Structures are given as structure tokens and as C-alpha cells.
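A closer look at the structure
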Amino acid sequence: MFHIRSKEKAVCTVCQQICIVIGSRRRHLIRKDGNHIILMIRRLYCKHCKKIHHELPDFVIPYKRYETDVIEAILDNHTDDVPCEASTIRRLGMWSDPMLKHLQHCIDACRLKYGEEAVPFSLLRPRSDDGTPNSGWLKRAVQLAVNTNHWRTYPVGVPVR
């Protein structure tokens with residue numbers, strides 16, 4: 001079991017006020033090597049806007065069981081070395097199409113609001129000079145969307161059951 005705790009003050013993504021810790025919860029995660037780990041995630045409360053937040057590390061995507069590297073490998077079509085069944089890969093592919101469009105809109109909106117220096121990456125999947133995708137593109141995009149309060153549980157176009 002791993003306890004996740006930031007060294008920085010927890011700030012509300014809605015109103016930018018300081019949050020207080022009100023407890024923790026367990027979060028199961030499947031790593032790229034197939035190991036299952038349990039994270040203890042802090043629950044944070046904002047007294048100003050009365051919202052509860054969870055402090056997630058950058059290798060966790062909200063509401064997903066696999067770490068960011070696994071999902072990024074699936075989206076980059078490197079499915080040979082991921083610990084997922086074919087049905088999970090197919091579901092993540094269906095989730096990714098509208099979500100990637102939404103993340104690109106978040107990046108564009110943040111660049112307009114904060115300036116190009118604040119959001120240095122313009123494309124969702126930046127490529128290196130030899131044309132291969134750089135690793136970590138999904139972490140950066142998800143972290144930007146979550147920290148600017150643009151994360152959507154269900155992206156536009158995905159039916160809610």
C-alpha cells in the first residue's frame with residue numbers, strides 16, 4: 001500500500017482556495033508490469049465552495065483502473081506489452097476518441113487564457129524529431145484538464161448509462 005501525499009498546499013481547482021484534509025480512501029491501480037497496487041488517496045475539502053476533491057498523482061487518470069503509461073501505450077498502438085484483455089483495449093479505444101478531442105480543447109482554451117508560455121505543448125501527442133511520440137503526453141494533458149477544472153467524467157458524445 002502506498003500513501004500519496006503532496007508536499008504542496010492543496011488548492012481547490014474550482015475557486016483556488018486552500019483545501020483541508022478530511023480523510024483518505026483506497027484506490028486500486030494496475031501497473032504496466034501487471035502488478036496490482038493499492039494507493040491511499042487523500043480526500044480534500046474546500047470550505048469556500050463546499051467541494052470534495054481527491055489528490056491524485058500524475059500517473060493516475062480519474063476513474064480509470066490502469067496507470068497512465070498503460071493507457072498511453074494503448075492509445076499509441078503499443079498493445080503488445082500491456083496487461084489488458086482485448087475487450088479492455090477496445091473499451092479504452094472507444095473512450096479515447098471523444099476524450100482526446102476534449103483534452104485538445106482544454107489545451108487550446110488554457111493556451112488562450114494563460115498564454116502560450118504557460119502551456120508549452122500545442123499538440124496532444126507531441127512528436128520528437130524522428131517522428132516517434134514522446135512519452136508522457138497523456139499525463140501532461142490529463143493533469144492540465146484536472147488542475148484547471150476541465151475534467152469531464154464522460155466526454156461529449158459518450159452515452160451515460
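Owing to the predicted nature of the structure, the values given are computational and were not obtained by experimental measurement.

Turning to the pattern of salt bridges, a few remarks are in order. This model, assessed by the stated rule, comprises four salt bridges. The closest approach of N and O atoms between K139 and D69, which form a salt bridge, is 3.8 Å. Of the two residues, K139 is situated in helix α3 (residues 137-147) and D69 in helix α1 (residues 68-75); the sequence distance between them amounts to 70 residues. Look at K139 and you get partly exposed, because its relative accessible area is 22%. Judged by relative accessible area, D69 falls into the partly exposed class, the value being 29%. For the salt bridge of E116 with R111, the shortest nitrogen-to-oxygen distance reads 2.3 Å. The class of R111 is buried, set by a relative accessible area of 17%.

Quick look at α1 now. Among the eight residues of α1, seven are classified as buried, and the element is accordingly described as predominantly covered. Of the residues making up α1, those classed as buried are T68, V70, I71, E72, A73, I74 and L75. Looking at the packing, one finds that the buried side of α1 touches β2 (20-30), α2 (86-114) and α3. In the stretch just after α1, N77 is the one whose phi turns positive, near 60 degrees.

Before going further, it helps to examine the nonpolar core. Grouped together as the largest cluster of nonpolar side chains are 26 residues, with contacts concentrated most on I61, I71, W95, L103, L138 and W151. When contributions to this core are tallied by element, the ones reaching two or more residues are α1, α2 and α3. If you tally residues by element for this core, the top one is α2, at eight residues.

Inspection of the entire model under this criterion finds zero disulfides. Cysteine C12 shares no disulfide, and the gap to the nearest cysteine sulfur, in C49, comes to 3.5 Å. The class of C12 is buried, set by a relative accessible area of 1%. With relative accessibility at 22%, the residue C49 sits in the partly exposed group.

So, about the pairing of strand β3 (residues 36-45). Judged from the two bridges that link them, strand β1 (residues 2-3) and β3 form a sheet pairing that is parallel. Across the sheet, residue F2 finds its bridge partner in β3, namely L39. Hairpin connection of β2 to β3: five residues between the antiparallel strands, including G34 at a positive phi of 95 degrees.

Our focus in this paragraph is the side chain of H102. Mapped onto the elements of the fold, H102 is located in helix α2. Judged by its relative accessible area of 15%, H102 is buried. A distance of 2.7 Å separates a polar side-chain atom of H102 from the backbone oxygen of H150. Among residues more than four places away in sequence, those in contact with H102 are H150 and R152.

Another point: the side chain of K64. Within the secondary structure, K64 sits in the loop between β4 (52-54) and α1. D97 is the oppositely charged side chain nearest to the buried, salt-bridge-free K64, at an N-O distance of 13 Å. Residue contacts for K64: discarding those within four places in its chain leaves R27, I71, L92 and W95.

How each quantity is defined
- Residues numbered from 1 in each chain as written.
- Predicted model: local features only at pLDDT ≥ 70, side-chain atom pairs only at ≥ 80, totals over all residues.
- Heavy atoms only, no water.
- Salt bridge = Lys/Arg side-chain N within 4 Å of Asp/Glu carboxyl O.
- Helix = DSSP H or I, 4+ residues; strand = E, 2+ residues; numbered from the N terminus.
- Buried < 20%, exposed > 50% of the residue type's maximum accessible area, 1.4 Å probe, protein only.
- Contact = heavy atoms within 4.5 Å.
- Core = buried A, V, L, I, M, F, W, Y, C linked by side-chain atoms within 4.5 Å.
- Disulfide = S-S within 2.5 Å.
- Pairing = 2+ DSSP bridges.
- Polar contact = N/O pair within 3.5 Å; in protein donor to acceptor, adjacent residues only side chain to side chain.
- Lys, Arg positive; Asp, Glu negative; His and termini not counted.

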